[in-house]
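Analysis of the macromolecular model
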Amino acid sequence: MKNFNFQNPTRILFGKGRIADLNDQIPSDAKVMILFGGGSAERSGVLGQIREALAGRTLVEFGGIEPNPRYATALKAVDMINENNVDFLLAVGGGSVIDATKFIAAATKYEGDAWEILTSYGSVIKEAMPFGSVLTLPATGSEMNSGGVITNPEKEAKLPFNSSHCFPVFSVLDPEITYTLPPRQVANGVVDAFVHTMEQYLTYPSAAYVQDGFAETLLRTLIELGPKALETPKDYDIRSNLMWTATLALNGLIGAGVPQDWASHMIGHEITALNDTDHARTLAIVLPSLMNDQRDRKREKLLQYAANVWNIRDGSEDARIDAVIDSTRRFFEQMGIKTHLSDYAIGASEIDHIVNALKEHGMTTLGEHDAITPEDARRILNAAL
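What counts, and at which threshold
Residues numbered from 1 in each chain as written. Predicted model: local features only at pLDDT ≥ 70, side-chain atom pairs only at ≥ 80, totals over all residues. Heavy atoms only, no water. Pairing = 2+ DSSP bridges. Helix = DSSP H or I, 4+ residues; strand = E, 2+ residues; numbered from the N terminus. Axes fitted to C-alpha atoms, helices over the stretch in contact; angles between N-to-C directions. Contact = heavy atoms within 4.5 Å. Expected span 1.5 Å × (residues − 1). Buried < 20%, exposed > 50% of the residue type's maximum accessible area, 1.4 Å probe, protein only.

So, about the sheet that holds strand S3 (residues 59-62). Judged by pairing direction, the sheet is parallel, and its six strands sit side by side in the order S1-S8-S5-S4-S2-S3 without closing on themselves. Looking at the sheet topology across the chains shown, the edges are occupied by strand S1 (11-14) and S3. Across the sheet, the mean angle separating the axes of adjacent strands is 20 degrees when strand polarity is ignored. Examined bridge by bridge, strand S2 (residues 32-36) and S3 share four bridges and lie parallel to one another. Along S3, the bridge assignment pairs Met 33 with Val 60. Its contacts with the sheet place helix H4 (residues 95-109) against S2, strand S4 (88-93) and strand S5 (131-135), and it is angled at close to 160 degrees to S4. In the packing of helix H8 (residues 236-248) onto the sheet, contacts are made with S1, S5 and strand S8 (170-173), and the angle to S1 comes to roughly 170 degrees.

Structure, rendered in structure tokens:
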């Protein structure tokens, strides 16, 4: 196991009716901006619950944060914060809204060009506004980590950032408010959490037995409960376990002391930047192809994954690896997510654009060995057509 530092300061308020506890989590004299996406937060009654919980406070609302949140939209929020002397932010939504809020919290305090936050991948962040979140879509783990991703269509860029200053102070996780999510978003959330876990697990053995065992449990839980969530959307036990699994998949715990990959994410970001494909769907395209392409480097962990997650133990090593890659792809398809570029109107001609974008954004060495080059990404993408 590698040396590591681990600290997660985010307080989790989990369970039914926890929005009612919001008032105790925010300083009594704070002027609060509520940030959210589209109309679903209003229609579902979540915003109404929040307004009721914060009755008597001075509130400012900022809506319209997009899936794959936009840089320009975030800057509008920064302006509104400054105009209204806001001093606490509350993100209401899934990973996109929370990611945007993290960027906004940092950009409000940054004296330079806010674009530098993204081109430096967050290294220039020295402080950020305090913020909390009310999670409505379990998927990204953004409610309990310090990273985010912002899209700039004008620059055809989708860039990640990370800073210890960008942890939420608290996050409210009420599984009941996920009951009304559309099946597409449920499926996206399950696959996103699955690939987050894989990026930290499917590398090479590092004698991190606790982290491996924890990751394997998360993967098995997603495989078992993901399809059931589509079949029975108001089953509290299923929804609560999926919500907590998605949080644990990327709150730093299973990634402590282990090698990590993230190549599927970096390649997937460029697909989203190209045509706005849902983030989780880009991962479902890239991961199976990358697993096959990198099967020699990942051989030991692929065999461990086959045995401990899918109970695939018979046959030659290559046969077991073939079987587990096929099982992974079929799981994504079972969740209703297609796994080939052609399913999203992306052909061979677009692959050049994706590869060039990786180069432009400095993604020239990816993977746990820093050995996946843009030309390797080209091969992976060609195999995913």
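Let us look at helix H11 (residues 299-310). For an α-helix, the turn length of 3.6 residues means that residues three or four places apart are oriented alike. Spanning twelve residues, H11 covers 16 Å between terminal C-alpha atoms, matching the ideal 16 Å at 1.5 Å per step. Regarding H11, the residues found buried are Arg 299, Lys 301, Leu 302, Leu 303, Tyr 305, Ala 306, Ala 307 and Val 309. Each element contacted by the buried residues of H11 is listed here: helix H6 (183-201), helix H7 (209-231), helix H10 (279-293) and helix H12 (317-334). Once H11 ends, the next one or two residues include Asn 311, with phi positive near 60 degrees.

On to the pairing of S8, then. Residues Phe 170 and Val 172 line one face of S8 and the alternating positions Ser 171 and Leu 173 line the opposite face, and both faces are buried. Bridge count between S1 and S8: four bridges; the pairing is parallel. Bridge assignment links Ile 12 to a residue of S8, and that residue is Ser 171. In terms of strand pairing, S5 meets S8 through three bridges, oriented parallel. Each bridged residue has a counterpart across the sheet, and for Val 134 the counterpart in S8 is Val 172.

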